[in-house]
Amino acid sequence: MAGATREWSRFDARERLFRIGGVLVAVAVVVGSWEWLDMSLQYVTTAPAQVGDLFGRMVPPDWGYLPNAVGPLAETIQIAVVGTIAAVAMAAPVAYITAENTTPNRATYALGKFIVTVSRSVHTIVWALLFVVMFGPGALAGTVATAVRSIGFLAKLLGEEIEEIDFGQVEGVRATGASPAQLLVYGIVPQIKPALVGLSVYRWDINVRAATILGFVGAGGIGVQLFEAIDSFAWRTVSALLIAILGVVLVSEGVSAYARRKVR
Amino acid sequence: MATESSSPTGSTGAADRRTWRRPTAFRNRYTKWAVYGAVLALIAWSVASLRITPGRFLSGIGYGYELIDSMLPPETGSEYTLRLFDRMIETIAMAMVATVAGIAISLPVAFGAAENISPKPTYYLSRGTISATRAIDGLIVAIIAVIALGFGPLAGIVAISFKTIGFFSKLFAEDLEDIDMGGVEAVRATGASRFQSLVYGVVPQVVPRFAGLAVYRWDINIRSSTIVGIVGAGGIGVLLQRAYQRYEYDYVAAILVAIIAVVLVAEFVSAVVRRRVQ
Amino acid sequence: MLETENLGKTYPTGDEALRDVSVRIDGREVVAMIGPSGAGKSTFVRCINRLVEPTTGSIRLDDTELTALDDDELRDARRNIGMVFQEYNLVERLTVMENVLSGRLGYVSNWAALRRNFPPEDVERAYELLELVGLNGMEDKRVDELSGGQRQRVGIARAVVQEPKILLADEPTSSLDPETSRDVMELLTDIADDRDVPVLINIHEVDLAEAYADRILGLHAGELVFDGSASNLTDESKGVIYRGEEPPESTATDPDWLSGPDDESSARNGQDAGSDRLPAED
């Protein structure tokens, strides 16, 4: 302390108050949340042991079951393929009206935003619940759910891509006397093609993962087998299926990453 | 140059006309057709085995009208609304706790998965953890958690925390890899320990990104916690599943509207906070 | 032959970018349009092929009145007007050849355009033009791999492959370094000579305009204030063009002068003087 006349601190008083206040509010909310949930601590302390016990019952995986999983795994990929293609077809016009520079008027813009919001805010499994009511159990409901869930994602990102279009390039083609269709083919499509292909492949890869759970509500895919195994406590089958799912997901992720790197 | 080209078309007969074909982005044209063929075959095979027929599709659309009709108007009875609010608060509380817990577990994994900070064995272990937690869908995790821990929000919190690890560790590790190591070395050079150099050299550089990612993940976790109840892991999803099974589609509609509203508010809050901290 | 009469453009914002510009361009002359930025040079050039819609006046290309055309007719007319842009305006993700051939789009069907199936004579002409602009062997490179100078050469080839009746160039050198700028100007003047086509270049570098153009148009605040040969461009006339100074009495006797912005009759004189001068140069 001897001779220390100047003090230093990283933040001034107001800023510090603001920061401390923010942290306090966050802590209070989390503690309040915990209280509200009313879970006994004893429950939590036994959780790791119970999870560990479950994993213990999962080894060794029942590899013998896997041949039965090939068909449903293929169906999972098929749902993702068809769902994604349908989604791209439906998302293209939505992207067109969601992009500020191409949307015809404010009403279409609002409609585009609305479709994007609803599609993205409702989870695949909820869409699947609704479409199972409509189409009955099976892969059709799952495919439609996958497609509808993907529209928002694709339309939003594709719309952003359309907003980035360089109209100088379009103008250059227009100045040669090209027709509107030629303008589209020559001036616009080349600019958004890489994004279109990249986003579609990326969404397909997300959809493979999402399609693994459709079976829980009866909408097809590997999930049907997985949940049967869980319901009958066949944990070694469950672990084999999980590993198979992991493999399929990683492979499709690899394919998708490779394709996106190639398209530019 | 000028004289050479003064009669460009006249000098060239039909015999030495050059042709041009658009170059392909693939290695050669055969590769191109092979890839196109493979993609088309995949699509055809998928459509064929899913047995999606126009008839099934159209009759489904017909049922769709009935479904929408029974959803409207959404159920707004006070007793229903009260239950909805109660479950919604539970949903948000679950997301809060799961975000904090998930991030707490993610931090060591993230540091372990940052190539510039962590030793090789730790790096591979952490990367493996991240891949595994990312590949399995949150609902599958939630189902397993429900079996292990019983119905209720705890299973949901465990599932959402688990999914947080893969996301948060991966992105935060990338931020850590982007830091300027010059600063860390400078702190090191003053004789600071490994831990001190982390605190002084690394932490200040990544705090804003950390805060931004945390809020972003919180927003995603709100979405997830509205869903996990469908498999019994607590939150508004429990209500949704119950209403669905009782064919109370008007109540389903009310719950869906509530979910969309909460998701939008969370997205908005997250966007505002992220803009401010970065 | 291109002729504009009292061409005017007022933007929806109320900015009057162009007022009563009357110009006649003919033969194989190279005409440079100079003026400070914001004087309306770009607007003028873009009005000619109606990338910008003029609000008043008329534009005639040979016997066609361009302002009266509907969309289909305008597309046909645009085939006769080649245009080179400041930012090249090439489709960057397409190859050099695709960009050059896009100059022939007005002559092929949509289906052929989709399949990039152009008549053999178009392809041959495109190859010859690539040689002319010094890009032989580059036809399958993507435009985004090229340098600025190379891109502008592709832009010129695209405009020339149209076999236009007039070539417009909107600040073709602004994005290029000085040496490349001179190469591009040389190329444009060579093309005017070889192809017997008039070239209208709007440019802000006065030294380039003086070095390469036969005739100079000066624009100030949307009005034509100078129209004469490059040798008649004095310091006083530059003052008028760039600073809006009143022309001094001594130079007002110069036949190329426009005595005042509103004086239409002398504007006509100026044009006539400009075009009359041409045969002498041949």
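Chains are numbered independently. Their residues run from 1 in the order of the written sequence. Think of it this way: whatever chain is written first is A, whatever ligand is written first is 1, and the rest follow in order. The model is predicted, so local features are restricted to residues of pLDDT at least 70 and side-chain atom pairs to those at 80 or more, both for listing and for counting; the totals for chains, interfaces and linings are taken over all residues.

Under the annotation held in an unreviewed UniProt entry, chain B carries the name Phosphonate ABC transporter inner membrane subunit and is attributed to Halorubrum kocurii JCM 14978. Here is the UniProt Sequence similarities (unreviewed entry) comment for chain B, exactly as written: "Belongs to the binding-protein-dependent transport system permease family." UniProt positions are given in the numbering used here, feature names are shortened, and annotations may be inferred rather than shown by experiment.

In the annotation of an unreviewed UniProt entry, chain A is listed under the name Phosphonates ABC transporter permease protein and assigned to Halorubrum kocurii JCM 14978. Comment text from UniProt for chain A, heading Sequence similarities (unreviewed entry), reads "Belongs to the binding-protein-dependent transport system permease family." Checking UniProt for chain A, the heading Subcellular location (unreviewed entry) contains the comment "Cell membrane".

Can you explain the overall build of chain B? Please cite residues and give values.
Helix and strand definitions follow DSSP, with helices as H or I runs of at least four residues and strands as E runs of at least two, each counted in order from the N terminus. Scanning chain B for helices and strands turns up 10 helices and zero strands. Computation of the radius of gyration draws on C-alpha atoms, with the globule rule given as 2.2 Å multiplied by the number of residues to the power 0.38. Taken over the C-alpha trace, chain B has a radius of gyration of 28 Å; the compact-globule value for 278 residues is 19 Å, which it surpasses by more than 25%. Expressed as lengths along the three principal axes of its C-alpha atoms, the size of chain B is roughly 90 × 75 × 35 Å. Contact between two residues is assigned whenever their backbone-derived C-beta positions fall within 7 Å. Look at the contacts in chain B between residues 6 or more apart in sequence, and 71% of them connect residues 24 or more apart.

Mind laying out the overall build of chain A, listing which residues take part and the relevant values?
A count of helices and strands for chain A gives 10 helices and zero strands. For chain A, the N- to C-terminal ordering of α and β elements is α-α-α-α-α-α-α-α-α-α. Relative to the globule expectation of 18 Å for 264 residues, the C-alpha radius of gyration of chain A, 26 Å, shows a markedly less compact shape. Principal-axis analysis of the C-alpha atoms gives chain A an extent of 80 × 75 × 35 Å. Residue burial is a threshold on neighbouring C-beta atoms within 10 Å of the residue's own C-beta, all placed from the backbone, with 20 or more meaning buried, 12 or fewer meaning exposed, and counts in between meaning partly exposed. With 264 residues in all, chain A has 44% of them scored as buried. Across chain A, every contact between residues at least 6 apart in sequence was considered, and the portion connecting residues at least 24 apart equals 73%.

Provide a residue-level description of the environment of Met39(A), including the pertinent values.
Along the chain, the position of Met39(A) falls in the loop between helix 1 (13-37) and helix 2 (41-58). Residue Met39(A) is classed as partly exposed on the basis of its 17 C-beta neighbours within 10 Å. The sequence separation of Met39(A) and Val189(A) amounts to 150 residues, and the corresponding C-alpha distance is 56 Å. The residues touching Met39(A), leaving out its near neighbours within four places in the chain, are Val44(A), Pro153(B) and Leu154(B).

Please give an account of the sheet that holds strand 9 (residues 215-220) of chain C that cites residues and values.
All names here are of chain C. Taken in spatial order, the six strands line up as 6-7-8-3-9-10 in an open sheet, and their pairing is mixed. In this open sheet, the two edge strands, each paired with only one partner strand, are strand 6 (81-84) and strand 10 (223-229). Strand-to-strand twist across the sheet, computed as the mean angle between neighbouring axes with direction ignored, equals 20 degrees. At least two bridges found by DSSP between two strands are what make those strands a pair. Here strand 6 pairs with strand 7 (residues 166-170) via four bridges, running parallel. Note that in strand 7 the partner of Ile81 across the bridge is Ile166. Think of each axis as a best-fit line through the C-alpha atoms, taken over the contacting stretch in the case of a helix, with angles from 0 to 180 degrees between the N-to-C directions.

Tell me about the UniProt feature "transmembrane region" (unreviewed entry) in chain A, and name the residues and values.
Residue and element names in this part refer to chain A. Within this numbering scheme, the UniProt entry marks residues 17-37, 125-148, 206-227 and 233-259 as carrying the feature "transmembrane region" (unreviewed entry). Taken end to end, residues 17-37 has its terminal C-alpha atoms 30 Å apart, with 100% of it in helix and 0% in strand. The straight-line gap between the two end C-alpha atoms of residues 206-227 is 21 Å; of that span, 50% is helix and 0% is strand.

Quick one: what's the story with the nonpolar core, residue by residue and with numbers?
Note on terminology: a nonpolar core is any set of buried Ala, Val, Leu, Ile, Met, Phe, Trp, Tyr and Cys residues joined through C-beta atoms within 7 Å. One finds Ala128(A), Phe131(A), Ala142(B) and Ile255(B) to be the most contacted residues of the largest nonpolar core, which totals 135 residues. Residues contacting Ile255(B), with those up to four places away along its chain left out, are Leu84(B), Ile236(B), Leu239(B), Leu240(B) and Ala243(B). Counting residues in hydrophobic clusters, the runner-up holds 87 residues, among them Val185(A), Ala32(C), Phe85(C) and Ile216(C).

Which residues make up the UniProt feature "domain: ABC transmembrane type-1" (unreviewed entry) in chain B, and what values do they have?
UniProt records the feature "domain: ABC transmembrane type-1" (unreviewed entry) at residues 88-270 of chain B, using the numbering of this structure. For the annotated span residues 88-270 of chain B, helix accounts for 84% and strand for 0% of the residues, and the straight-line distance between the end C-alpha atoms is 18 Å.

I'd like a description of the domain arrangement of chain B, backed by residues and values.
Each domain of chain B was delimited in the assignment, giving domain 1 (29-68) and domain 2 (77-277). Using C-alpha coordinates to define each centre, domain 1 of chain B is positioned 35 Å away from domain 2 of chain B. Segmentation of the chain into domains, including their bounds, is taken from an automatic or database domain assignment.

An account of the UniProt feature "domain: ABC transmembrane type-1" (unreviewed entry) in chain A is requested, with residue identities and associated values reported.
As annotated by UniProt and renumbered to match this structure, "domain: ABC transmembrane type-1" (unreviewed entry) occupies residues 73-256 of chain A. The annotated region residues 73-256 of chain A carries 82% helix and 0% strand content, and the separation between its end C-alpha atoms amounts to 18 Å.

Please give an account of the pairing of strand 8 (residues 199-202) of chain C that cites residues and values.
All names here are of chain C. Covered by surrounding structure in strand 8 are Val199 and Ile201 together with Leu200 and Asn202, the residues of both alternating faces. Bridging between strand 3 (residues 30-34) and strand 8 involves four bridges; their strand directions are parallel. Residue pairing across strands places Val31 opposite Leu200, the latter belonging to strand 8. Note: strand 7 against strand 8, four bridges, orientation parallel.

An account of the UniProt feature "transmembrane region" (unreviewed entry) in chain B is needed here, citing residue identities and associated values.
Residue and element names in this part refer to chain B. Under the UniProt annotation, "transmembrane region" (unreviewed entry) lies at residues 33-52, 92-114, 139-162 and 251-273. Here residues 33-52 is 90% helix and 0% strand, with 27 Å between the C-alpha atoms at its ends. Across residues 139-162 one finds 88% helix and 0% strand; the C-alpha atoms that close the span lie 11 Å apart.

Tell me what's going on with the confidence of the model for chain B, and back it up with residues and numbers.
Residue and element names in this part refer to chain B. Averaged over every residue, the pLDDT of chain B is 84; the share at 70 or more is 94%. Scored from 0 to 100, pLDDT reflects the predictor's confidence in each residue. Across chain B, the element-wise mean pLDDT spans from 75 in helix 7 (residues 181-189) up to 92 in helix 9 (residues 236-245). Scored below 50 in pLDDT, residues 1-15 shows 14 contacts in the model against residues more than four places distant or in partner chains. Our summary of model confidence lists the complex with pTM equal to 0.79 and ipTM equal to 0.80.

So what's going on with helix 1 (residues 41-48) of chain C? Residues and values would help.
The periodicity of an α-helix, 3.6 residues per turn, causes residues three or four places apart in sequence to face the same way. Residues and elements named next belong to chain C. Most of helix 1 is tucked away: seven of the eight residues are buried. All buried positions along helix 1 are accounted for by Lys41, Thr43, Phe44, Val45, Arg46, Cys47 and Ile48. Phi turns positive one or two residues past the end of helix 1, at Arg50, with a value near 55 degrees.

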